[in-house]
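Here is what each chain is made of, one letter per residue.
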Amino acid sequence: MNPFVNAMRQLDRAAGILKLSDNIQDILKKPIRVLSARLSVEMDDGETREFQAFRSQYNDARGPFKGGIRYHPGVTEDEVKALSFWMTMKCAVVGLPLGGGKGGIVVDPKKMSEKELERLSRAYVQAFHKYLGPTKDVPAPDVYTNGQIMAWMLDEYEKIIGEHAPGMITGKPLELGGSRGRDTATAQGGAFVLQELMDKLGKKPKKTTVAIQGFGNAGANMAKILHDAGYTVVAVSDSRSGVCAKHGLDITRVLEHKEKTGSLSGFEGADALSNDDLLTLDVDVLIPAALENAITKDNAEKIRAGVILELANGPVTPDADEIFYKKGIICVPDILTNAGGVTVSYFEQVQNAMNYYWTDAEVREKLEKIMVDAFHAVWEKKEKHGVDMRTGAFLLAVDRVASAMRLRGLS
Ligand code: NAD
């Protein structure tokens, strides 16, 4: 269940079909560097605590490293490496001039005060600032990090270098140079991809039932966008609880309930449901939007959805992939589905460089074009090689990254 081992299995499969040279394949099997630091942070009680932090810079053949920072007690070096590899592939699938990176801190942010989180976030930048910057490596939010954390990190970075550099980080609040549409970009991009797939399958949103695991930035926004587009969202869950209603949940009211009570449980008119049960519901579309390894060979046989849309990174393991392929279940891979987030992050950097900002409509239109084009490019690869969508996406991405590496002189 090591996500980096899973990621390398995905790479090997594509590399074999592409007949990649041994040298390029070997280079793609290791990050260029993994930075690691123990961050000392003063807690509110005056004591100092240490936190393990990482930044993996995987590949920058196509442009500066790009990828989020995760705050979670389960962060490991291999998880960060896997996520930075997937970022490399994701940026290539949607054709962005960016490489792949990822960061993480082993911490439970729910147990920290606002001030402690601020000191931790500033400490991360103090530790790694030499390797960060608009033309070097550009972080963004990921699990349990948000616009406020990006703002502290930007402020710390600008204090250290003594000038403004808004393009050093994305997912910033609008007031500090964020992009319109960034908050909803991951989900919106996934919704564009789902719409293209539904068109291919000849299915209408109104006749499509959906279950979503994870109710954070990716999952909750996806629930709202699909609900507003007419899909029937029958179940949602977060780390603590889940709710389901056969005829569909009113997602606007679910969001209000979670905002008010801090929890999904107790939502009126819905039944309680465990995370495991959500995954095996009889729905048309299952959307894992929480963490890696949610669907493995142990529960894949029980999945009843016809389509799995990976909004989280790495939620389906390679063994589960094989089971789905044999059963004719379509799994739309993370490196395509959730690429809307990094795409609007890229738009944010472009706007920072121009110091001129686009409207919501401009962002949406540009995002739709990129996501729709990427969907069709992946579909074409899948058809041409007779493979699943994940392998199709990796064929496209690995080929693009390898081509940039060859142009730089590697063979
Ligand atoms: P988030 O912190 O906003 O939300 C995470 C959600 O997952 C929360 O609702 C949490 O309660 C839930 N969760 C955690 N553990 C769970 C479990 N065991 N079972 C069910 N739910 C659980 O994070 P996010 O930004 O929404 O990220 C979710 C996934 O999407 C991650 O895999 C992340 O890498 C991926 N992703 C996010 C973005 C982005 O722009 N935010 C972009 C691309 C990919």
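Coordinates for the structure precede this section.
Residues numbered from 1 in each chain as written. Predicted model: local features only at pLDDT ≥ 70, side-chain atom pairs only at ≥ 80, totals over all residues. Heavy atoms only, no water.

A word on the environment of Val93. One can find Val93 in helix α3 (residues 77–93). The class for Val93 is buried, based on a relative accessible area of 1%. Along the sequence, Val93 and Tyr131 sit 38 residues apart, while their C-alpha atoms lie 25 Å from each other. Non-local contacts of Val93, meaning those with residues more than four positions away in its chain, are made with Ile335, Leu336, Ala374, Val378, Ala393, Leu396, Ala397 and Arg400. (Helix = DSSP H or I, 4+ residues; strand = E, 2+ residues; numbered from the N terminus. Buried < 20%, exposed > 50% of the residue type's maximum accessible area, 1.4 Å probe, protein only. Contact = heavy atoms within 4.5 Å.)

Before going further, it helps to examine the pattern of salt bridges. Counted according to the given criterion, the structure contains 27 salt bridges. A salt bridge links Lys258 to Asp238, with the shortest nitrogen-to-oxygen separation between them at 2.7 Å. A residue pair is termed long-range when its members are at least 10 positions apart, and Lys258 in helix α8 (residues 251–261) and Asp238 in the loop between β8 (232–237) and β9 (242–244) qualify at 20 residues. Note on Asp238: relative accessible area 8%, which makes it buried. Through salt bridges with shared partners, a single network forms among Lys115, Glu118, Arg122, Asp155, Glu156 and Lys159. (Salt bridge = Lys/Arg side-chain N within 4 Å of Asp/Glu carboxyl O.)

Empty space among the atoms becomes apparent when a probe as large as a water molecule is rolled across them. A full pass over the atoms with the stated rule returns one cavity of 30 Å³ or more. The computed volume of the largest cavity comes to approximately 30 Å³. Lining the largest cavity, in full, are Pro3, Asn6, Gln10, Trp86, Glu292, Asn293, Gly314, Val316, Thr317 and Pro318. Here the lining of the largest cavity gets three residues from one element, more than from any other, and that element is helix α1 (residues 3–18). (1 Å grid on protein atoms, 1.4 Å probe; cavity = no way out; pocket = protein on both sides within 12 Å on 5 of 7 lines; lining within 4 Å. Points joined across faces, edges and corners; volume = space filled by probe spheres on them.)

This part covers the site of the ligand. Inspection of the region around the ligand gives 22 residues, with Asp142, Tyr144, Thr186, Asn217 and Asn313 positioned closest. At 2.8 Å, a backbone N or O of Ala218 approaches an oxygen atom of the ligand. Notes on the ligand: free accessible area 830 Å², of which the protein chains cover 87%. Counting residues per element, the ones that place at least two in the shell around the ligand are α6 (182–201) and α7 (217–228). Counting the residues that make up the shell around the ligand, at least three belong to each of domain 1 (31–165) and domain 2 (185–332). (Near = heavy atom within 4 Å. Polar contact = N/O pair within 3.5 Å; in protein donor to acceptor, adjacent residues only side chain to side chain. Areas by Shrake-Rupley, 256 points an atom, 1.4 Å probe, with all protein chains shown as cover. Domains from an automatic or database assignment.)

For the rest of this paragraph, the subject is the environment of Leu83. For Leu83, the position within the fold is in helix α3. The exposure class of Leu83 is buried, given its relative accessible area of 2%. Once the C-alpha coordinates of Leu83 and Ser56 are considered, the two residues, 27 residues apart in sequence, prove to be 8.6 Å apart. With residues near it in sequence (within four places) discarded, Leu83 still touches Arg70, Lys102, Glu292 and Asn313.

Turning to unusual backbone geometry, a few remarks are in order. Among all residues save glycine, negative phi is the norm, and among peptide bonds the norm is trans. Positive phi is not limited to glycine here, since Tyr144 has a value of about 60°. Among the secondary structure elements, Tyr144 is positioned in the loop between β6 (137–138) and α5 (147–161). Residue classification places Tyr144 among the partly exposed positions, given a relative accessible area of 37%. Non-glycine residue Asn355 carries a positive phi angle of around 55°.

Time to look at the layout of surface pockets. Roughly 230 Å³ of volume is contained in the second largest pocket. Forming the walls of the second largest pocket are 13 residues, and the residues nearest its centre are Arg13, Asp321, Glu322, Asp388 and Thr391. Of all elements in the fold, only α1, α11 (318–327) and α15 (389–407) reach the threshold of two or more residues within the lining of the second largest pocket. Examining the composition of the lining of the second largest pocket, we find that five residues originate from one element, α11, more than from any other. A per-class count over the lining of the second largest pocket returns four nonpolar, two polar and seven charged. (Nonpolar A, V, L, I, M, F, W, Y, C, P; charged D, E, K, R; others polar.)

Spatial relationships are all this shows, so hold off on functional conclusions.
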